[in-house]
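Reading the structure
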Amino acid sequence: LPDERGSSCLPRILDFPIFVGAMFGSLTATPMLLIIHTLWPLVFSIELFHGDMLRRAWCNPTDAPTSSSEVNSWFWNSTLLIAIMAFSSIFLACLIGIGLCPRTAQNHRKYLYSRSVRHILERSAICYSAYVLSIGLILFWQCMYWGYAARNDTAGAWVRYLCNHYINEEAAT
């Protein structure tokens, strides 16, 4: 039609594919940005707080990473912290359930406070559990796919070479 001529740079047959592409792009951009904004700080915090422990377990030439006392004590302490948060949350739920923090107009602040603390404990236990599991999976995957320094095969030799390269690079800086 003459009145539509010049309204677009592309032919009309591409209107639907461009529409689908724009919809797909806008629908996938938000989750991708959310993943990037979540994973980027998670990776940096793991490197900052646990990178040395993971490298020491992986680069130990005498023991496997599963027998590292530092890793085992960290996992034990983390599991204990998760259990404390979970049991505290269950305890608060029991207090609410038996009526010590009733949901009445006179006790609304006490009820809201106990409920808020219970939810914070629950969510903290869940998020910290995921964090601890991710660190365990990182060490497991690294040992499974790369090997570890205590192995007496080519994978162990490759890991020892990488660890020596890392140590020498650290000493140079």
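Residues numbered from 1 in each chain as written. Predicted model: local features only at pLDDT ≥ 70, side-chain atom pairs only at ≥ 80, totals over all residues. Heavy atoms only, no water.

Description of the pattern of salt bridges
Tallied over the full model, the rule gives five salt bridges. For the salt bridge of E47 with R55, the shortest nitrogen-to-oxygen distance reads 3.4 Å. As a salt-bridge pair, E122 and R118 come within 3.2 Å of each other at their nearest N and O atoms. Taken together, the residues span about one helical turn, with E122 and R118 both in helix α3 (residues 108-146) at a distance of four residues. On the accessibility criterion, R118 (18% relative accessible area) is buried. Via salt bridges that share partners, E47, D52 and R55 belong to a single interconnected network. (Salt bridge = Lys/Arg side-chain N within 4 Å of Asp/Glu carboxyl O. Helix = DSSP H or I, 4+ residues; strand = E, 2+ residues; numbered from the N terminus. Buried < 20%, exposed > 50% of the residue type's maximum accessible area, 1.4 Å probe, protein only.)

A short note on the nonpolar core
Residues L54, W58 and I135 are the most contacted members of the largest nonpolar core, which totals 22 residues. Sorting elements by how many residues they give to this core places α3 first, with seven residues. Not counting residues up to four positions away in its chain, the partners in contact with L54 are I46, I135, I138 and L139. (Core = buried A, V, L, I, M, F, W, Y, C linked by side-chain atoms within 4.5 Å. Contact = heavy atoms within 4.5 Å.)

Focus on the layout of surface pockets
Over the atoms, a rolling probe the size of a water molecule traces out where space has been left empty. Of the pockets and cavities examined, the largest pocket occupies roughly 310 Å³. Lining the largest pocket are 14 residues, with E47, G51, L54, R55 and Q142 sitting closest to its centre. Mapped onto the lining of the largest pocket, the elements with two or more residues apiece are α1 (15-59), α3 and α4 (154-172). Residue contributions to the lining of the largest pocket peak at eight residues, all from α1. (1 Å grid on protein atoms, 1.4 Å probe; cavity = no way out; pocket = protein on both sides within 12 Å on 5 of 7 lines; lining within 4 Å. Points joined across faces, edges and corners; volume = space filled by probe spheres on them.)

Some details on the environment of N152
For N152, the location among the structural elements is in the loop between α3 and α4. As a C-alpha pair, N152 and P61 span 91 residues in sequence and 9.5 Å in three-dimensional space.

Here's the deal with a nonpolar patch on the surface
Taken together, the side chains of L137, F140, W141, M144, Y145, W146, W158 and Y161 make up a nonpolar region of the molecular surface, amounting to roughly 970 Å² of accessible area. Put simply, the parts of the chain that give the nonpolar patch at least two residues each are α3 and α4. Residue contributions to the nonpolar patch peak at six residues, all from α3. Structurally, W141 can be placed in helix α3. (Patch = residues over 30% accessible without salt bridge, like charges linked within 9 Å, V, L, I, M, F, W, Y side chains within 5 Å. Areas by Shrake-Rupley, 256 points an atom, 1.4 Å probe, with all protein chains shown as cover.)

Comments concerning the confidence of the model for the protein
Put simply, the protein has an average pLDDT of 87, and 94% of its residues get 70 or more. Considering each helix and strand of the protein separately, the mean pLDDT is smallest for α4, with a value of 81, and largest for helix α2 (residues 69-98), with 93. (pLDDT = per-residue confidence, 0-100.)

Section: the state of the cysteines
Applying the stated criterion across every chain yields a total of one disulfide. Residue pairing for C59: its cysteine sulfur links by disulfide to C163, the two sulfurs lying 2.0 Å apart. Residues C59 and C163 are joined by a disulfide whose S-S torsion is about -85°; by sign, that bridge is left-handed. With C59 in helix α1 and C163 in helix α4, this pair connects stretches of sequence that are 104 residues apart. Overall, the relative accessible area of 4% leaves C163 in the buried class. The thiol of C143 is unpaired, and the distance to the nearest cysteine sulfur, on C59, comes to 10 Å. (Disulfide = S-S within 2.5 Å.)

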